[in-house]
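Geometric and topological summary
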Amino acid sequence: MTPHDPPRPKRGPHLVLMACYALFILASGARAAVQIATKFHVAPLAYTLSAVAAVTYVAGWFAIRRAAHGRPRFAEVMLWVELAGVVVIGTLSLVKRDWFPDASVWSDYGSGYGWVPAALPVAALLWLHRTHEPVTEPLEEAA
Amino acid sequence: MHGPLAPIAWIAVGYAAVVTAAAGLGLVLKAPRPRWLDQLAWMLEALCAVLALGALGSLLRGHRPESMSTHVGYMIAVVCILPVALGSVREERDSWSCGVVAVAALATGVVAVRLMMTR
């Protein structure tokens with residue numbers, strides 16, 4: 001570690017967020033792998049989207065890890081992408097039922113997983129906002 | 001859930017709920033993670049190992065679940081989640097590490113239920 005590197009954070013809510021993301025990497029990745037390997041023809045769109053969700057969770061895990069180390073740029077993009085994915089696919093699964101003969105991870109906003117897929121990016125964005133608020137200089141010092 | 005594995009599964013699920021509650025309480029109270037919480041979690045791991053071995057024995061005796069790959073996936077997950085979670089916070093003992101244990105114990109309980117549902 002060079003003197004310019006930020007100190008390595010070990011404590012904080014990001015530990016719980018990363019644990020949740022790791023679980024969803026396992027859950028959605030295994031689900032997508034089994035569905036794509038055994039019955040891809042049944043619901044190709046839904047199963048492909050489950051695989052996309054798994055990739056998003058991998059990216060989200062790394063994004064939170066980077067943000068916890070003082071580099072929030074990737075997380076600022078990735079978490080919004082994830083939230084957009086949950087909202088768009090959740091809405092499509094409700095209004096276009098025929099596109100989803102079987103559920104994907106984000107169908108019905110993640111109801112198959114207790115709506116945790118919808119809550120997770122919101123919680124991560126709140127954490128990001130609280131820990132990486134832009135620092136403004138006090139007026140007295142600036143003057 | 002029925003069959004000879006059901007009592008073990010129910011005990012594992014109930015015990016996972018206790019570990020989740022204890023770890024969640026530690027997080028809410030912002031208490032450093034006590035050693036006994038690790039011991040509770042490893043006891044849950046032992047129960048899950050018994051459950052997974054029972055499920056494996058059932059497979060070896062010729063029982064075929066509706067989806068073999070899903071069932072085997074849950075069998076592996078039920079014994080892997082807690083050791084990975086505890087390993088990731090091995091050096092960290094603040095209250096947020098209680099949150100990691102809570103998430104892992106909750107997930108283990110859910111997977112134990114799913115394991116029995118896919119039999």
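Everything that follows concerns the structure shown earlier in this document.
Residues numbered from 1 in each chain as written. Chains lettered and ligands numbered in written order. Predicted model: local features only at pLDDT ≥ 70, side-chain atom pairs only at ≥ 80, totals over all residues.

1. Details of the overall build of chain B
The condition that has to hold: By definition, any uninterrupted DSSP run of H or I lasting at least four residues is a helix, any uninterrupted run of E lasting at least two residues is a strand, and each is numbered from the N terminus. In this treatment the radius of gyration is a C-alpha quantity, and the globule benchmark scales as 2.2 Å times the residue count to the 0.38 power. We call a residue exposed when 12 or fewer other C-beta atoms sit within 10 Å of its C-beta, buried when the count reaches 20 or more, and partly exposed for counts in between; the C-beta positions come from the backbone. Here contacts are defined at the residue level, using C-beta atoms placed from the backbone and a cut-off of 7 Å between them.
Helix and strand content of chain B: 4 helices and 0 strands. Counted from the first residue to the last, chain B has its helices and strands arranged as α-α-α-α. Here chain B has a C-alpha radius of gyration of 15 Å; the compact-globule value for 119 residues is 14 Å, and the two agree. Seen along its three principal axes, the alpha-carbon backbone of chain B occupies a region of about 50 × 20 × 20 Å. Taking all 119 residues of chain B together, the buried fraction comes to 41%. Put simply, of all contacts in chain B between residues at least 6 apart along the chain, 83% involve residues at least 24 apart.

2. Observations regarding helix 3 (residues 68-88) of chain B
One turn of an α-helix holds 3.6 residues; hence residues three or four places apart share an orientation. Counted only if it meets this: How far a helix is expected to stretch is found by multiplying one less than its residue total by 1.5 Å.
Spanning 21 residues, helix 3 of chain B covers 30 Å between terminal C-alpha atoms, matching the ideal 30 Å at 1.5 Å per step. Among the residues of helix 3 of chain B, B:H71, B:G73, B:Y74, B:M75, B:A77, B:V78, B:I81, B:L82 and B:A85 are the ones counted as buried. Residues of helix 3 of chain B that are buried in the fold lie against helix 1 (14-39) of chain A together with helix 2 (35-60) and helix 4 (95-117) of chain B.

3. Details of the packing of helix 3 of chain B against helix 4 of chain B
Residue and element names in this part refer to chain B. We apply this condition: The angle between two axes is taken between their N-to-C directions and runs from 0 to 180 degrees, where each axis is a line fitted to C-alpha atoms and a helix contributes only its stretch in contact. Oblique is the label for every angle not falling under 35 degrees (roughly parallel), over 145 degrees (roughly antiparallel), or within 65 to 115 degrees (roughly perpendicular). Residues are grouped as follows: Ala, Val, Leu, Ile, Met, Phe, Trp, Tyr, Cys and Pro are nonpolar; Asp, Glu, Lys and Arg are charged; every other residue, Gly included, is polar.
In the contact formed by helix 3 and helix 4, the axes pass within 9 Å of each other and the chain directions differ by 175°. Compared by their axis directions, helix 3 and helix 4 come out roughly antiparallel. Touching Y74, M75, A77, V78, I81, L82, A85 and S88 of helix 3 are V100, V101, A104, A107, T108, V111, A112, R114 and L115, all from helix 4. When grouped by side-chain class, the residues that make up the contact of helix 3 with helix 4 number 14 nonpolar, 2 polar and 1 charged.

4. Quick look at the interface of chain B and chain A
A common measure of how large an interface is: the accessible area buried when the components associate. Facing 15 residues of chain B, the contacting portion of chain A comprises 13 residues. Along the lines of polarity and charge, the residues of the side of chain B that touches chain A split into 8 nonpolar, 5 polar and 2 charged.

5. Considerations on the environment of A:A51
Residues and elements named next belong to chain A. Relative to the elements of secondary structure, A51 occurs in helix 2 (residues 44-68). On the basis of neighbour counts, which here come to 18 C-beta atoms within 10 Å, the residue A51 falls in the partly exposed class. Leaving out residues up to four positions away in the same chain, A51 has contacts with A32 and I36.

6. A short note on unusual backbone geometry
Residues and elements named next belong to chain A. Although it is not a glycine, D108 adopts a positive phi angle of roughly 50°. Relative to the elements of secondary structure, D108 occurs in the loop between helix 3 (73-95) and helix 4 (116-131). On the basis of neighbour counts, which here come to 17 C-beta atoms within 10 Å, the residue D108 falls in the partly exposed class.

Nothing here speaks to function; it is all geometry.
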